[in-house]
Amino acid sequence: MSETDNGLTHLDARGNAAMVDVSEKAVTKREAVAGGRIAMSAAAFAALVDGTAPKGDVIATARIAGIMAAKRTSDLIPLCHPLPVSKAAVDFDPDPEHHAVNVTATVRTTGQTGVEMEALTAASVACLTLYDMLKAIDKTMVISDVRLLSKSGGKSGNFTRDAG
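Residues numbered from 1 in each chain as written. Predicted model: local features only at pLDDT ≥ 70, side-chain atom pairs only at ≥ 80, totals over all residues. Heavy atoms only, no water.

Colleague: Could you give me a rundown of the sheet that holds strand 3 (residues 100–111), with the residues and numbers involved?
Modeller: Across the sheet, which stays open at both edges, the five strands sit in the order 2-3-1-4-5 with antiparallel pairing between neighbours. Lying at the two open borders of the sheet, with one neighbouring strand each, are strand 2 (85–95) and strand 5 (159–160). In this structure, strand 1 (residues 28–39) lies alongside strand 4 (residues 142–152), joined through eight bridges in antiparallel fashion. Bridging across to strand 4, alanine 34 finds its partner in leucine 148. Against the sheet, helix 2 (residues 58–71) makes contact with strand 2 and strand 3, and its axis sits at roughly 145° relative to strand 2, the strand it touches most. Contacting strand 1, strand 2, strand 3 and strand 4, helix 4 (residues 116–134) runs over the sheet at an angle of about 25° to strand 1. (Pairing = 2+ DSSP bridges. Helix = DSSP H or I, 4+ residues; strand = E, 2+ residues; numbered from the N terminus. Contact = heavy atoms within 4.5 Å. Axes fitted to C-alpha atoms, helices over the stretch in contact; angles between N-to-C directions.)

Set out below in C-alpha cells:
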C-alpha cells in the first residue's frame, strides 16, 4: 500500500477518492472483533429474553443480519475492498442489570487487507436489527459503543483495545 503525496491512502495525488491498491501486500490470515451495545426498556428486554417479541426470534434474526452485513460490507462502505470472508460470527450477551445487550462480531479472512470494517459493520447491523425487532415495544432504545475490540494479521500487526 503506497500513500499518495498528501499522506492519505484513500486520496490520489489530486485529492480525489481512490481505492487503495493492495496488490503488493502479502496474503495473511486476518481477524477482527468488534462490539456494540443496545440499551432498552425493561419490557423490551423481557420480550427479548423470554422470546415473546412480536416479530419472532430477535437474537436469531439479528445474528443472521450481522453475518450477512459482514459479507456485504464493500457494498455499503465506499472504497472498501470486497473480501472472501471465511468466518463471520455474531454473539449476544444480555445484561439484565442495565436492560441491555452487548454484541460481539468476529470476522476472519485470508487476504491482502483487514476485516475491521466487516466486523464493525456486522456489530452495527446486529444492533440495528435488535432495534428493528423490538421497536414496537420501545422506540427509545440507544445503540452505543460500536468499536473495534481487536484485530490481528497484516502489516500493522495486532491491536487489542484496553479494557478501561
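So that's the structure; there's more coming.
Colleague: Pulling in residues and values, what's your account of a nonpolar patch on the surface?
Modeller: Together, Leu128, Ile143 and Val146 make up an exposed nonpolar region whose accessible area comes to about 230 Å². Here valine 146 shows up in strand 4. (Patch = residues over 30% accessible without salt bridge, like charges linked within 9 Å, V, L, I, M, F, W, Y side chains within 5 Å. Areas by Shrake-Rupley, 256 points an atom, 1.4 Å probe, with all protein chains shown as cover. Salt bridge = Lys/Arg side-chain N within 4 Å of Asp/Glu carboxyl O.)

Colleague: Tell me about the side chain of threonine 113, and please be specific about residues and values.
Modeller: Checked against the element boundaries, threonine 113 lands in the loop between strand 3 and helix 4. The exposure class assigned to threonine 113 is buried, which follows from its relative accessible area of 17%. (Buried < 20%, exposed > 50% of the residue type's maximum accessible area, 1.4 Å probe, protein only.)

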